[in-house]
Each structure stands twice: as C-alpha cells, then as structure tokens.
Amino acid sequence: MKSVRGAYLAVVAVTASVVMSFAGSAHADDVDEIERQLDSKWSSLEGTIEQYNKTAATLKTTKAEVEAASLKVKPLQDKVDVAYAQIGLMSAAAYKGGKASTANALLGGGSADSMLEQLTLLDAISASEQKQIDELNRLKAPLDAEKKKIQALLDSQQKMESELSAKKVSITGEMDALQAQRTAAYKDRASRNGTRIDYVPPFIPGPPGKAVTFAMAQIGKPYVWAAGGPDAYDCSGLTMAAWAAGGVSMGHYTGWQRDASTPITRSQLQPGDLIFYGGDRHVALYIGNNLVVHAPQPGQNVKVEGVDMGGDTPTAYARPKYAR
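Bear in mind the structure is a predicted one, so any value in this text is a computation, not a measurement.

Rules used in this analysis
Residues numbered from 1 in each chain as written. Predicted model: local features only at pLDDT ≥ 70, side-chain atom pairs only at ≥ 80, totals over all residues. Heavy atoms only, no water. Helix = DSSP H or I, 4+ residues; strand = E, 2+ residues; numbered from the N terminus. Buried < 20%, exposed > 50% of the residue type's maximum accessible area, 1.4 Å probe, protein only. Contact = heavy atoms within 4.5 Å. Areas by Shrake-Rupley, 256 points an atom, 1.4 Å probe, with all protein chains shown as cover. pLDDT = per-residue confidence, 0-100. Phe/Tyr/Trp six-rings, centres within 6.5 Å; stacked < 30°, edge-to-face > 60°. Salt bridge = Lys/Arg side-chain N within 4 Å of Asp/Glu carboxyl O. Polar contact = N/O pair within 3.5 Å; in protein donor to acceptor, adjacent residues only side chain to side chain.

Asker: Would you take a moment to explain the overall build of the chain for this structure?
Answerer: If you tally the helices and strands in the chain, you get 6 helices and 6 strands. When its helices and strands are written in sequence order, the chain yields α-α-α-α-α-α-β-β-β-β-β-β. Taken across its 324 residues, the chain has 37% of its residues classed as buried. Taking contacts inside the chain between residues at least 6 apart in sequence as the whole, the part at least 24 apart equals 67%. On the chain, roughly 17500 Å² of surface is accessible, and the fraction owed to carbon and sulfur atoms is 57%.

Take a look at the structure:
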C-alpha cells in the first residue's frame, strides 16, 4: 500500500507541474513534452489500476472466506446460545419462586433439608450447563480467531479498494485535463505548419503512441519521392520514420513493412497500425476514428484523411511487431 501511495503522490506532483506549465495557450513545442509527461503518468496510473484490479479480485475471495468462517462458527454459537437461554430460564424461575417456595416449605411442614436438596440440584444443573458452555466456547475459540483474522483482512482490503478507486478517478480526471492541453497543442502545431486538423488522436502509451505522435508532427511537410525525413517524406518513408520513433526498425518499402508486421483485420485496427492500398502501392498510418495520416503523392503534403480515401479501399492491414 505504501508503494502505491508513493506512486500516486508522485503522479499527482507530476501532473500538477505539467498542468501549471501548460496553462494558457499551447504551442507546437508543447506536444512532445505533454506526450512525455502523459507517458510517465500512464505508467503510474497503470500500476494503480493493476493494484486496484488485484485488490478487487482478492476482495471477492476474502468475502467468501468470511462467509465460510461464519458458517463454521454458527452451529457451535447456536448451541452456546441455547445453553445460556436454559440457564437464564432456570435462574428466572429460581428468582421468581425462591422466596415463595421457602415460605411454603416452612409453612407447609416441608423440611429445610428437602429445600436444600432442591437448591443443590438446581445448582448442579446450572454447573452442568456452564460446563457444557465452557466446552463449546473452547471448541469455538479457534474458529472465532480465524473469523476475526479474516474479517480484519476484509476490512483492510475494503479500505484499500476505496482508496485506490478514489485515486483512479482522480488520476484519470487529471489525465483528461492534460489531454485537453495536448489537443490544443496538436492543433496549434498543425496551424503553424499551414494545416488545419479537426481530429487529435488520444494518448496511446508505448511504441504505437510514439509512432502516431511522430507522424502527426509531420503534417504539412511535402511528399518527396524516396524521402524518409526529416523535411519531406514518401508514404513508406513516413511510416518507417514514425515507427523508428517508437523503437521499431522497418525497411523503406511497403512490401517489407507489411511482411515484417502481423496481419490483422479492419475490425482489429488500433492507432499505430499500418494500412496498405493497391498491394504494395501505398501505405498509411492508422490514428483512430477511421482516419489515417499519410504522405499522399507529389504535390501534396502529409495530411490526415479517411481510411477509404474517397474510394481507395485498403487491401491489407498489419500491426508492426514490438516489445510490449
């Protein structure tokens, strides 16, 4: 729990500094810094989420164990309750009838010895009942201890689940605020490159996110045949450079990129995946929301466009291989 709390406090501190530093209008240079901070923050959030998932799962098991422990104790507890009830009834009867019985015995000619025998018998019955109760409590003691131990664990886990849930909500809210800054920065950068964008891909952790971020930063740069950056690109040069930013090396040729990737279907598309057109003729980078970023053709600049590009239906989809 201590490590989770520490990670959370660190995440909040990072977020606070990032949000303050990007307060006001966003600029092109902000994008990479926001992406870096989001990536760092995601790592912390992911740890909190996994800890929450673990706690929620173990909580179900512990609740079942508490229920099982209660069922073990119940039969013995019922017997103890019955024995105490019997002693209570005998005590009440003796209290209510004791004085009257004594007077009746004296007035009615009953002997003191007879009354003493009756009282002695009552004491013996009570002692027997108490002995039975003591034996039941002896048998019940380890079960009570087990139940108490499991209940303490349940209380601790419920508290942790509540704290982690609150942290998850808080961190997610802070990421949403940072995402708003990121969106403004993306649009500002595109406008500085002489291009307008209406869609900004969501933050994506890991290599695919780095590939998408890189490709989006190239919007507005010209298509130049056989170019792989940094000032101009052709289609496979853009996807090669984008995935290189994510730490994945691919050749400067659509066919090599497809062969080095895992085939997927359109329904499986995720940001960062590659989409191929006309066999080996063209490749684009998927960014979500049924959109791609690509270097179209000579005379045009890198831009965002729909997956089907006005009727140019994709012929293949693939996911570059990277360490997860």
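Read on, since the account is not over.
Asker: Would you mind going over unusual backbone geometry with me for this structure?
Answerer: Working note: non-glycine residues mostly have negative phi, and peptide bonds are mostly trans. Cis geometry is adopted by the peptide bond preceding P230, which originates at G229 and carries an omega value of 0 degrees. Relative to the assigned elements, P230 resides in the loop between α4 (206-217) and α5 (235-245). In this model, N289 sits at a positive phi of 60 degrees, which is unusual for a non-glycine residue. Among the secondary structure elements, N289 is positioned in the loop between β3 (282-288) and β4 (291-294). The exposure class of N289 is exposed, given its relative accessible area of 56%.

Asker: Hey, could you run me through the confidence of the model for the chain in this one?
Answerer: Residues with a pLDDT of 70 or more make up 69% of the chain, whose mean pLDDT is 76. Note on residues 1-28: pLDDT under 50 across the span, and 40 contacts to partners over four residues away in sequence or across chains.

Asker: Please explain the packing of aromatic side chains as it appears in this structure.
Answerer: Here the distance between the centres and the angle between the planes together describe a pair of aromatic rings. Evaluated as defined, the whole model comprises 3 aromatic pairs. Seen from their ring centres, F214 and Y233 are 6.4 Å apart, and the 90 degrees between their planes marks the pair as edge-to-face. Within this pair, whereas F214 is found in helix α4, its partner Y233 is found in the loop between α4 and α5, the two being separated by 19 residues in sequence. Its relative accessible area of 2% is what places Y233 among the buried residues. With a centroid separation of 5.3 Å and an interplanar angle of 80 degrees, the aromatic rings of Y253 and W256 are classed as edge-to-face.

Asker: Sorry if this is basic, but what is going on with the pattern of salt bridges here?
Answerer: Two side chains that carry opposite charge are able to pair once their charged atoms sit near each other. Under the definition given, this model contains 7 salt bridges. R192 serves as the salt-bridge partner of D188, at 2.9 Å between the closest nitrogen and oxygen. Of this pair, D188 and R192 are both found in helix α3 (residues 112-192), 4 residues apart, which corresponds to roughly one turn of the helix. A salt bridge links R266 to D308; its shortest N-O distance comes to 3.0 Å. Of this pair, R266 sits in the loop between β1 (261-264) and β2 (274-277) while D308 sits in the loop between β5 (303-306) and β6 (314-320); the two residues are 42 residues apart in sequence, bridging distant segments of the chain.

Asker: For this particular structure, what's the right way to read the side chain of R182?
Answerer: Following the sequence through the fold, R182 ends up in helix α3. A distance of 2.5 Å separates a polar side-chain atom of R182 from the backbone oxygen of P201. Setting aside anything within four residues of it in sequence, one finds R182 in contact with I34, E35, L38, V200, P201, P202 and F203.

Asker: Would you explain the environment of G306 in this entry?
Answerer: Examined against the element boundaries, G306 turns out to sit in strand β5. Taking the relative accessible area as the measure of exposure, G306 reaches 28% and is therefore partly exposed. With near-sequence residues (within four places) excluded, G306 lies in contact with N290, L291 and V292.

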